[in-house]
Amino acid sequence: SQKIEQNSEALNIQEGKTATLTCNYTNYSPAYLQWYRQDPGRGPVFLLLIRENEKEKRKERLKVTFDTTLKQSLFHITASQPADSATYLCALGPNNDMRFGAGTRLTVKP
Amino acid sequence: EADIYQTPRYLVIGTGKKITLECSQTMGHDKMYWYQQDPGMELHLIHYSYGVNSTEKGDLSSESTVSRIRTEHFPLTLESARPSHTSQYLCASSNLNEQFFGPGTRLTVL
């Protein structure tokens, strides 16, 4: 069956360090992969999309990699700040069949 | 300002009641979605629509129904609420790939 797995435990890091979150998937061939941020009690907010033919995508302090051979995406936040504390979800497209991971809770300590 | 709205934000209701969760978007998006999310768990797609008069069931079995009479409006109805329906319900719309989420409705059925 199709499965999406994100870091199984919450991730705690010190301010200024780089946070790396992992998204692994099985029995799925997504056309693209997305990362969302979700704060408690609110809906997810789109951050980045990377297509199957792209290796890496950057946006400000965010970087996403996509390895379709390993069936894995890595999501990096450089120079992390306490305001980056949230749950980060990966999602595999296309849209009508988009599936979300359970998310990784990131806490950045000052 | 283009946005997506959900009402009510919180609802506590007794078993057997009929409820409708409202979702409206002002972005002119054709695609709209309903997800169910329990705390710390992944989003599960319960319904989606590609446009007016189009509705489909997602991969999570649901006793709810939806309608899409107008592009901007995608209400979800539970004919007879049960405690097992207690959850967070998130509505989303999309243009091509990115999904825009509403703030969610936290439903508690006693």
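Reference entry: report on the structure contained in this document. (Residues numbered from 1 in each chain as written. Chains lettered and ligands numbered in written order. Predicted model: local features only at pLDDT ≥ 70, side-chain atom pairs only at ≥ 80, totals over all residues. Heavy atoms only, no water.)

### Focus on the interface of chain A and chain B
Note the following rule: Whether two residues are in contact is decided by their heavy atoms: any pair within 4.5 Å suffices. Any carboxyl oxygen of Asp or Glu that lies within 4 Å of a side-chain nitrogen of Lys or Arg is treated as forming a salt bridge with it. Two N or O atoms form a polar contact when they lie within 3.5 Å of each other; inside protein one atom must be a possible hydrogen donor and the other a possible acceptor, and for residues adjacent in sequence the pair counts only when both atoms belong to side chains. Secondary structure follows DSSP: runs of H or I at least 4 residues long count as helices, runs of E at least 2 residues long count as strands, and numbering of each begins at the N terminus. Residue polarity is assigned by list, with Asp, Glu, Lys and Arg as charged and Ala, Val, Leu, Ile, Met, Phe, Trp, Tyr, Cys and Pro as nonpolar; anything else, Gly included, falls into the polar class.
Listed as interface residues are 19 residues of chain A and, on the opposing side, 23 residues of chain B. Where chain A meets chain B, there are 0 salt bridges. Linking chain A with chain B are 5 residue pairs in polar contact (both at pLDDT 80 or more), by the criterion used here. Of all the secondary structure elements, the ones that give two or more residues to the side of chain A that touches chain B are strand 4 (32-38), strand 5 (45-51) and strand 10 (99-100) of chain A. Here the element with the most residues in the side of chain A that touches chain B is strand 4 of chain A; it accounts for 4 residues. A per-class count over the side of chain A that touches chain B returns 9 nonpolar, 7 polar and 3 charged.

### Considering the state of the cysteines
Residue and element names in this part refer to chain A. Filter applied, for reference: Any two cysteine sulfur atoms within 2.5 Å of one another count as a disulfide. Burial classes follow relative accessibility: with a 1.4 Å probe on protein chains only, a residue under 20% of its type's maximum area counts as buried, one over 50% as exposed, and anything between as partly exposed.
In total, this model carries 2 disulfides over all chains according to the counting rule given. At a sulfur-sulfur separation of 2.0 Å, the disulfide partner of cysteine 23 is cysteine 90. Where cysteine 23 bonds to cysteine 90 through sulfur, the torsion about that S-S bond is close to 60°, and the disulfide is right-handed. Of this pair, cysteine 23 sits in strand 3 (residues 19-26) while cysteine 90 sits in strand 9 (residues 86-92), and the two are 67 residues apart along the sequence. On the basis of relative accessible area, cysteine 23 is assigned to the buried category, the value being 0%. When its relative accessible area of 0% is taken as the criterion, cysteine 90 is described as buried.

### Details of the sheet that holds strand 1 (residues 3-6) of chain A
Within a sheet, adjacent strands bond to each other through the backbone by hydrogen bonds, running parallel or antiparallel. All names here are of chain A. Threshold: Strands are labelled as partners when DSSP assigns at least two bridges between them. Axis lines are fitted through C-alpha atoms, for helices just across the contact stretch, and the angle between N-to-C directions can take any value from 0 to 180 degrees.
If you trace the 5 strands from one edge of the open sheet to the other, you get 1-3-8-7-6, paired in antiparallel fashion. Two strands bound the open sheet, and with one partner strand each, they are strand 1 and strand 6 (56-59). Recorded for the sheet is a direction-independent mean angle of 15° between the axes of neighbouring strands. Here strand 3 pairs with strand 8 (residues 72-77) via 6 bridges, running antiparallel. When the bridges of strand 8 are listed, threonine 20 appears paired with histidine 76.

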